[in-house]
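So you can see what is in the structure, the chains are spelled out below.
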Amino acid sequence: QQIEKLVKIAISLTSEHNLEKLLNNIVTEARNFTNADAGSLYIKENDELIFMISQNDTIRRRDGAEAERKAYKKFTLPINKKNLAGYVAFTGEILNIPDAYNIPEDVEYSHKKDFDKQYNYRTVSMIIIPMKDNDSNITGVLQLINSIENGSPVPFKKEFENLILSMASQAALSLIHI
């Protein structure tokens, strides 16, 4: 059933030729697949990640669609091991974080809590996936936040990692054709 769903997603991604719609579709489909409350997508350009798309159901429900749009302004992140998305773009590794407020102190990356404070949001679980093309070059990063079960955030299931990695790779290939 999951493979069928991935095939349908791949077909829908390859048929979209509008960049903004494609990026929104990628985030939407990945969120649906993992039951994530929020998600964002960064595109790699030189030594930076450009924040392109974000979706957050909690903010949209609570404060409205306009508030959700205003909460996310485009910005860039350096590709390094200090921030989560930068770490994934730098290393190519998947990060599956069960609790963003309890990241071990011995790792090089950290979760910035500024957004949570400013928008009265609580990031709990995160899965951050590199988007790789056919040559394993990283073209972007897909970040999903708060997998929801029974109305509460739970860690992202381990089995989501390869499925979302596959979806992110399909998305990376779709970006090449735009």
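Scroll up to find the structure.
Below you will find a few notes about this structure. (Residues numbered from 1 in each chain as written. Predicted model: local features only at pLDDT ≥ 70, side-chain atom pairs only at ≥ 80, totals over all residues. Heavy atoms only, no water.)

## Some remarks on the overall build of the protein chain
Helix and strand content of the protein chain: seven helices and seven strands. The N-to-C order of helical and strand elements in the protein chain reads α-α-β-β-α-α-β-α-β-α-β-β-β-α. Across the 178 residues that make up the protein chain, the buried fraction comes to 46%. Looking at the protein chain alone, contacts between residues at least 24 apart form 61% of all its contacts between residues at least 6 apart. With the model as given, the accessible surface of the protein chain reaches about 9,600 Å², and the carbon-plus-sulfur share is 48%. (Helix = DSSP H or I, 4+ residues; strand = E, 2+ residues; numbered from the N terminus. Buried < 20%, exposed > 50% of the residue type's maximum accessible area, 1.4 Å probe, protein only. Contact = heavy atoms within 4.5 Å. Areas by Shrake-Rupley, 256 points an atom, 1.4 Å probe, with all protein chains shown as cover.)

## Quick word on the side chain of aspartate 116
Among the structural elements, aspartate 116 can be located in helix α6 (residues 114-119). Among buried charged residues, aspartate 116 stands out as having no salt bridge; its nearest opposite-charge side chain is arginine 122, 5.5 Å away. Beyond its immediate stretch of four places on either side in the chain, aspartate 116 contacts Tyr101, His111, Tyr121, Arg122 and Thr123. (Lys, Arg positive; Asp, Glu negative; His and termini not counted. Salt bridge = Lys/Arg side-chain N within 4 Å of Asp/Glu carboxyl O.)

## A word on helix α5 (residues 84-91)
For α5, the buried fraction is high: six of the eight residues fall into the buried class. Residues of α5 that are buried: Leu84, Ala85, Gly86, Tyr87, Val88 and Ala89. Tucked into the core, α5 has its buried residues touching β1 (36-45), β2 (48-56), β3 (76-78), β4 (95-97), β5 (126-132) and β6 (138-149). The backbone nitrogen of alanine 85 has a side-chain oxygen 3.4 Å away, supplied by the residue at the start of α5, namely asparagine 83. (Polar contact = N/O pair within 3.5 Å; in protein donor to acceptor, adjacent residues only side chain to side chain.)

## Considering the pairing of β1
Along β1, eight of the ten residues are buried, which leaves the element largely enclosed by surrounding structure. Taken together, the seven bridges between β1 and β6 define a ladder with antiparallel strand orientation. Bridge pairing in β6 links isoleucine 43 to glycine 140. For β1 and β2, the ladder comprises eight bridges, and the chain directions are antiparallel. Within β2, the position partnered with lysine 44 by the bridge is leucine 49. Hairpin remark: β1 followed by β2, antiparallel, with two residues in the connecting loop; positive phi at asparagine 46, about 55°. (Pairing = 2+ DSSP bridges.)

## Remarks on unusual backbone geometry
If you check the backbone angles, serine 136 has positive phi at about 65° while not being a glycine. Counting through the fold element by element, serine 136 comes out in the loop between β5 and β6. A positive phi angle, close to 60°, is found at asparagine 146, a residue other than glycine. Within the fold, asparagine 146 resides in strand β6. Assessed through its relative accessible area of 3%, asparagine 146 is described here as buried.

Such coordinate-based values are descriptive only and should not be taken to indicate function.
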